[in-house]
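Spelled out from the first residue to the last, the chains are:
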Amino acid sequence: IPLFAVTGTNGKTSTTNYLYQLLSNLGVRSGMAGSTGLELPSGHRSSALTSIELTSLRKFLRDLTAEGGQACAIEVSAHALVRSRVSGLTFDVAGFTNLSRDHLDDFGDMEGYFAAKERLFTPSLAKQAAVFVSDSWAEKLASKALIPTLRVGPGQEVHFEYLDGRLNLSGELNLSVAFPYGELMARNLALAIAMLHLKGYSDLELATAAQGLKQVPGRLQLVSDAKPSVYVDYAHTPD
């Protein structure tokens, strides 16, 4: 089945969740694996890792296929890439959100951390990629990637704009959708849309699928309509 991978420091869970929602709205029976657990047509399973071990992931994908699954969105951490948790898989599209300070206890410095993420963007693991260009690391990755890569962001091949509660994308793809959850989450959605564009979905299909998306659990999640607004957010990096 088609596999979609998302990596980066921040936004992996949100982008993967939007991929899952978009695919479902497109009528694709889908699965999702990431920080918030595993999703199958039959229901939710808990998980302790962002990227589960390879044997568990293989079993999950087998179960998903047995349940009629037609696609899967998977969070891929730097640890997963250096510890062979996605070895032997080929992702149809890989996505990159951003890179900022994290996990330096494991990788030593930012160059080492970047090198771990960069492994995903090679022909052995992915066929093509979408990169949200918002920092120098994303620019470096888009320039060095060994697979066809689509740049997303202000002034990029897919131009990103968030204005008055609307996500506007133009250039390589063109759509405008109402999105009330703010610019940070709109960036994650833009990347998810670009990834599905690379898979062949039309602008109209994607614009329709992007209507009425739900908030991602625990990610800038509005939990009270009272004022002042109350949000729950998982973010744990200096960004």
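Our subject is the structure that appears above.
Residues numbered from 1 in each chain as written. Predicted model: local features only at pLDDT ≥ 70, side-chain atom pairs only at ≥ 80, totals over all residues. Heavy atoms only, no water.

Draft legend 1. The arrangement of the nonpolar core in detail. Membership of the largest hydrophobic core comes to 39 residues, with the highest contact counts inside it found for L22, L167, L169 and I193. By size, the runner-up hydrophobic cluster in this structure holds 38 residues, among which are L38, L64, A78 and W137. (Core = buried A, V, L, I, M, F, W, Y, C linked by side-chain atoms within 4.5 Å. Buried < 20%, exposed > 50% of the residue type's maximum accessible area, 1.4 Å probe, protein only.)

Draft legend 2. Structural context of helix α7 (residues 183–198). Here α7 is 16 residues long and its end C-alpha atoms lie 22 Å apart, about the 22 Å a rise of 1.5 Å per residue gives. In terms of burial, α7 is a largely internal element, 12 of the 16 residues being buried. Two residues or fewer past α7, G200 is found with a positive phi of approximately 110°. (Helix = DSSP H or I, 4+ residues; strand = E, 2+ residues; numbered from the N terminus. Expected span 1.5 Å × (residues − 1).)

Draft legend 3. Main features of a nonpolar patch on the surface. A surface patch of nonpolar side chains, about 210 Å² in accessible area, is lined by V223, V230 and V232. Examined against the element boundaries, V223 turns out to sit in strand β12 (residues 221–224). (Patch = residues over 30% accessible without salt bridge, like charges linked within 9 Å, V, L, I, M, F, W, Y side chains within 5 Å. Areas by Shrake-Rupley, 256 points an atom, 1.4 Å probe, with all protein chains shown as cover. Salt bridge = Lys/Arg side-chain N within 4 Å of Asp/Glu carboxyl O.)

Draft legend 4. Examining the environment of A129 more closely. Relative to the elements of secondary structure, A129 occurs in strand β7 (residues 129–132). A sequence separation of 81 residues divides A129 from A210, and the C-alpha atoms of the two residues are 20 Å apart. For A129, the residues in contact, after removing those within four places along its chain, are V93, A94, F121, I147, P148, T149, L150 and L198. (Contact = heavy atoms within 4.5 Å.)

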